[in-house]
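# Observations on the three-dimensional arrangement
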Amino acid sequence: MGKVLLSLHVLAAIVFIGPVTVAVSVFPRYARATSDHSVEVVALLHRISRVYAVLGLSVPVLGIALAAHLGVLGDAWVVASLVLTIAAALVLAVVILPAQDRLMGPPAEPSAVATRLATASRLSTASGLFSLLWAVVVVLMVVRPGSTTGV
Ligand code: HEM
């Protein structure tokens, strides 16, 4: 059971968190561009970000089930991962997805271009933070500091 949960947890992290991380980090570059093609790309990246964000919820759900199964739910590294996962989810839901929403479609008028560029650059920062949070969580998952089970 533990092996099945671990496999599903890692598979979900690769298949769902991977694409949302890439989509979120590439989005600002295309949002700054002005071609018709970039409008389509932006729409697709937004869709990937939204859909995979929802699918990605399976990662912490499986992670919590796995931690409960292994009896490590109260361990510091698990609690830290949980907190960082919640922080990443909030950055995505509260900052990134709404900002992406505002950048959908071509700029309405030339005066809106400066606002658009400012939003795109805030979005770049938020997406960097989002990727960094995942990187820290993955290191915690692999290193499991303080864990006495496994190596
Ligand atoms: C609520 C958040 C999470 C919890 C409670 C959790 C829990 C766990 C547990 C209990 C394990 C098994 C460790 C062991 O074999 O002793 C594990 C492994 C793993 N988790 Fe998570 N996880 C969470 C989020 C994540 C996220 C967001 C990612 C990726 C972005 C991730 C990636 C991994 C990976 C790659 C492993 C395999 C590590 C290894 O076996 O070396 N986890 N997780």
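Look up: the structure comes first, before these words.
One structure accompanies this document, and this report is about it. Note that the structure is predicted; figures quoted are calculated from it, not measured.

On to the site of the ligand. The environment of the ligand is formed by 21 residues, the closest being His9, Leu66, Leu82, Met141 and Arg144. At a separation of 2.7 Å, a nitrogen atom of the ligand approaches a polar side-chain atom of histidine 9. In this structure, the ligand is accommodated by the largest pocket. Only α1 (2–32), α3 (58–70), α4 (76–102) and α5 (113–143) provide two or more residues apiece to the shell around the ligand. Sort the elements by how many residues they give to the shell around the ligand and α3 lands first, with seven residues. Classifying every residue of the shell around the ligand by side-chain character gives 17 nonpolar, three polar and one charged.

This part is about the coordination of the iron atom of the ligand. In this structure, His9 (NE2) and Met141 (SD) serve as the protein donors to the iron atom of the ligand, at separations of 1.9 to 2.0 Å. Classification of the site at the iron atom of the ligand rests on its six donor atoms, whose angles at the metal span 84 to 179°, yielding the label octahedral. Of this pair, histidine 9 sits in helix α1 while methionine 141 sits in helix α5; the two residues are 132 residues apart in sequence, bridging distant segments of the chain.

Here the largest pocket is characterised by a volume of approximately 840 Å³. Looking at the largest pocket, it is lined by 29 residues, and the ones nearest its centre are Leu6, His9, Leu66, Trp77 and Met141. Contributing elements (two or more residues each) for the lining of the largest pocket: α1, α3, α4 and α5. Ranked by the residues each element gives to the lining of the largest pocket, the list is headed by α1, at eight residues. Classifying every residue of the lining of the largest pocket by side-chain character gives 20 nonpolar, seven polar and two charged. Its boundaries defined by the atoms lining it, the second largest pocket holds a volume of some 200 Å³. In terms of lining, the second largest pocket is formed by 15 residues, of which the most central are Ala53, Leu57, Ala89, Leu92 and Trp134. Elements supplying a minimum of two residues to the lining of the second largest pocket: α1, α2 (36–55), α4 and α5. Top element by residues in the lining of the second largest pocket is α4. It accounts for six residues. Its residues placed into classes, the lining of the second largest pocket shows 13 nonpolar, two polar and no charged.

About the cut-offs
Residues numbered from 1 in each chain as written. Predicted model: local features only at pLDDT ≥ 70, side-chain atom pairs only at ≥ 80, totals over all residues. Heavy atoms only, no water. Near = heavy atom within 4 Å. Polar contact = N/O pair within 3.5 Å; in protein donor to acceptor, adjacent residues only side chain to side chain. 1 Å grid on protein atoms, 1.4 Å probe; cavity = no way out; pocket = protein on both sides within 12 Å on 5 of 7 lines; lining within 4 Å. Sits in = over half its atoms within 2 Å of the grid points. Helix = DSSP H or I, 4+ residues; strand = E, 2+ residues; numbered from the N terminus. Nonpolar A, V, L, I, M, F, W, Y, C, P; charged D, E, K, R; others polar. Donors = N, O, S within 2.8 Å, 3.2 Å for Na, K, Ca; no water. Tetrahedral: all angles 85-135°; square planar, octahedral: opposite > 155°, others 65-115°. Points joined across faces, edges and corners; volume = space filled by probe spheres on them.

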